[in-house]
Amino acid sequence: MNTLGLSLQEGNLFESLVIKCKAAVLWEFNKPFSIEEVEVAPPKEHEVRIKIMASGICRSDDHVITGALVEPLPIILGHEAAGVVESVGQEVTSVKPGDKVVPLFLPQCGECKSCLNTKGNLCIKTDFGLKRGLMADGTTRFTCKGKAIHHFLGTSTFTEYTVVHESAVAKIDSTAPLEKVCLIGCGFSTGYGAALQTAKVEPGSTCAVFGLGGVGLSVVMGCKAAGAARIIAVDINKDKFAKAKELGATDCINPKDFNKPIHEVVMEMTGGGVDYSFEVIGRTDTMTAALACCHNNYGVSVIVGVPPAAQKITFDPMLLFTGRSWKGSVFGGWKSKDAVPKLVADFMNKKFVLDPLITHTLPWTKINEGFDLLRTGKRSSLFLF
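This text gives an overview of the structure that appears in the document. Fair warning: this is a prediction, and the values are worked out from it, not measured in the lab.

## Considering the environment of Asp 173
As for its position among the elements, Asp 173 is in the loop between strand S9 (169–171) and helix H4 (178–181). Classification of Asp 173 as partly exposed rests on a relative accessible area of 31%. Distance from Asp 173 to Gly 78, taken between C-alpha atoms, is 22 Å for residues 95 residues apart in sequence. Not counting chain neighbours up to four residues away, the residues in contact with Asp 173 comprise Lys 100, Val 344 and Met 348. Polar contacts involving the side chain of Asp 173 include one to the side chain of Thr 175, which spans 2.8 Å.

## Regarding the packing of helix H2 (residues 59–66) against helix H12 (residues 367–375)
Where H2 contacts H12, the axes come no closer than 11 Å and their chain directions differ by 100°. Taken as axis vectors, H2 and H12 run roughly perpendicular relative to one another. Residue-level inspection shows Arg 59, Asp 61, Asp 62 and Ile 65 of H2 in contact with H12, the latter providing Phe 371, Leu 374 and Arg 375. Its residues placed into classes, the contact of H2 with H12 shows three nonpolar, no polar and four charged.

## Focus on the sheet that holds strand S15 (residues 325–328)
Spatial strand order, S12-S11-S10-S13-S14-S15: six strands in an open sheet with parallel pairing. For this open sheet the edge positions go to strand S12 (251–253) and S15, each flanked by a neighbour on one side alone. In this sheet, neighbouring strand axes are inclined to one another by 15° on average, regardless of whether the strands run parallel or antiparallel. Summarising the sheet, strand S14 (residues 300–303) and S15 pair through four bridges and their orientation is parallel. Directly across from Val 302, in S15, lies its bridge partner Lys 327. On top of the sheet, helix H5 (residues 187–199) reaches strand S13 (276–279), S14 and S15; it is set at about 135° to S13, its chief contact.

## Focus: the pattern of salt bridges
This model, assessed by the stated rule, comprises 18 salt bridges. A salt bridge links Arg 59 to Asp 62, with the nearest nitrogen and oxygen atoms 3.6 Å apart. Placement of both Arg 59 and Asp 62 in helix H2 is noted, with a separation of three residues, approximately one turn of the helix. The exposure class assigned to Arg 59 is partly exposed, which follows from its relative accessible area of 35%. Of the charged contacts, one joins Asp 285 and Arg 283 as a salt bridge, the two residues approaching to 2.9 Å between their closest N and O atoms. Taking the relative accessible area as the measure of exposure, Arg 283 reaches 46% and is therefore partly exposed. Residues participating in the shared-partner salt-bridge network are Lys 44, Glu 47, Asp 137 and Arg 141.

## Looking at the sheet that holds strand S1 (residues 19–25)
What the four strands build is an open sheet, ordered S1-S2-S6-S7; its pairing is antiparallel. Pairing within the sheet leaves two strands with one partner each, and these edge strands are S1 and strand S7 (147–149). Going across the sheet, the axis of each strand differs from the next one's by a mean of 45°, ignoring polarity.

## Structural notes on the packing of H5 against helix H6 (residues 214–225)
To describe two helices that pack against each other, one gives the angle between their axes and the distance between the axes. Direction vectors running N to C along H5 and H6 enclose 40°, while the axes themselves pass 7 Å from each other. Classified by the interaxial angle, the pair formed by H5 and H6 is oblique. For the pair H5 and H6, the crossing hand works out as right-handed. Residues Gly 187, Phe 188, Thr 190, Gly 191, Tyr 192, Ala 195 and Leu 196 of H5 form the contact with H6, whose participating residues are Val 215, Ser 218, Val 219, Met 221, Gly 222, Cys 223 and Ala 225.

## Quick notes on the nonpolar core
With 97 residues, the main nonpolar core has Ile 184, Val 201 and Phe 278 as its most contacted residues. Looking at which element gives the most residues to this core, the answer is H6, with six residues. Setting aside residues up to four positions removed in sequence, Val 201 forms contacts with Ala 195, Cys 207, Cys 223, Ala 226, Ala 228, Tyr 276 and Phe 278. One finds Ile 262, Val 265, Cys 293 and Cys 294 within the second-largest nonpolar core, a separate group that totals 13 residues.

## Quick notes on the environment of Cys 252
For Cys 252, the location among the structural elements is in strand S12. Classification of Cys 252 by relative accessible area gives buried; the value is 18%. For Cys 252 and Leu 362, which are 110 residues apart along the polypeptide, the C-alpha to C-alpha distance reads 30 Å. If we skip the residues at most four places from it in the chain, Cys 252 touches Ala 233, Phe 241, Ala 244 and Lys 245.

## Focus: the packing of aromatic side chains
Within this structure, the stated rule accounts for nine aromatic pairs. Seen in terms of ring centroids, Tyr 192 and Phe 352 are 5.4 Å apart; in terms of plane orientation they differ by 50°. Their pairing is tilted. Of this pair, Tyr 192 sits in helix H5 while Phe 352 sits in the loop between helix H11 (336–348) and strand S16 (360–363), and the two are 160 residues apart along the sequence. Taken as a pair, Tyr 192 and Phe 352 share a single burial class, namely buried. A connected cluster of aromatic rings, assembled from ring pairs, spans Phe 188, Tyr 192, Phe 347 and Phe 352.

Procedures and definitions
- Residues numbered from 1 in each chain as written.
- Predicted model: local features only at pLDDT ≥ 70, side-chain atom pairs only at ≥ 80, totals over all residues.
- Heavy atoms only, no water.
- Helix = DSSP H or I, 4+ residues; strand = E, 2+ residues; numbered from the N terminus.
- Buried < 20%, exposed > 50% of the residue type's maximum accessible area, 1.4 Å probe, protein only.
- Contact = heavy atoms within 4.5 Å.
- Polar contact = N/O pair within 3.5 Å; in protein donor to acceptor, adjacent residues only side chain to side chain.
- Axes fitted to C-alpha atoms, helices over the stretch in contact; angles between N-to-C directions.
- Parallel < 35°, antiparallel > 145°, perpendicular 65-115°, else oblique.
- Nonpolar A, V, L, I, M, F, W, Y, C, P; charged D, E, K, R; others polar.
- Pairing = 2+ DSSP bridges.
- Salt bridge = Lys/Arg side-chain N within 4 Å of Asp/Glu carboxyl O.
- Left-handed = near helix turned anticlockwise from the far one by under 90°.
- Core = buried A, V, L, I, M, F, W, Y, C linked by side-chain atoms within 4.5 Å.
- Phe/Tyr/Trp six-rings, centres within 6.5 Å; stacked < 30°, edge-to-face > 60°.

Listed below in structure tokens is the structure:
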């Protein structure tokens, strides 16, 4: 009896400990990350504390640094990662310490209207677009130098340890390589799903993909997997064309090579426009170009790139009146908690590859160098913790 009682007390004490670890903190906009020692509080009810093992960087993170995506500061960014559960709060049932997991910037509570609707995936528990930077109870689990540090999209993966809500974590195959499947936490799933889930690309169709970063290349892969007959890749950096063709693009064009708007070029190439187009950059001018290059009666254009803050789109409504459809896609339309384990299983069964999406692998303390690479047009950098 005494031994059992002592064991339980020790277990509770262990779970209640604050962890001190290193994290990349953004204190000011347009300034480098600062590697700091932070305190990570233990998980509360329905929360999970994760040891991050690998994290990718995404253009959305950089949008916060530049102020294009406004978030409260100071903040720990990062939302595309994989790790191992360190401890769990009370009432957590879907994961346990030692499980390999992927944090989910788009949670799946299973109870709200979007989660219950077969066509929806924008769970009400997401911090996406709300910019609270806090956990569900209105507090943070991070402190540094006596100051509260905000969370990012409920994930904050640029740290050795993070805390997420149970609805924002997916258990994955215990044999999965975390340094690769971390990309399923955002970039790959977002692009791949935009083609398969949101647009529902059909066999034999024609597609145009604007932007050939990691997400854009994942759209190309999704279009190919769906059986598209022609995939036109559009980018102003011709160095990306070889990789795009390797992954399924049939044509690669650079808008700088033409003296006419790029949508007119695509319309001429396809005899009236593509069936599906995808904007994977996050610029209003390319969003309207992508819409204009799809067929005027039945074309579908999907906005995948995060729109810049405080900018509006002006376009001729006739583009839509004739029958085009304009759609948005968050996390590729996937219901995250259900889809991520299946996507990891598909990767393990060699249904798609992830290696071509990783151009650099760096120790996470070189995070600022990773963002420099991103800004020079490299597709993806990966940090190992």
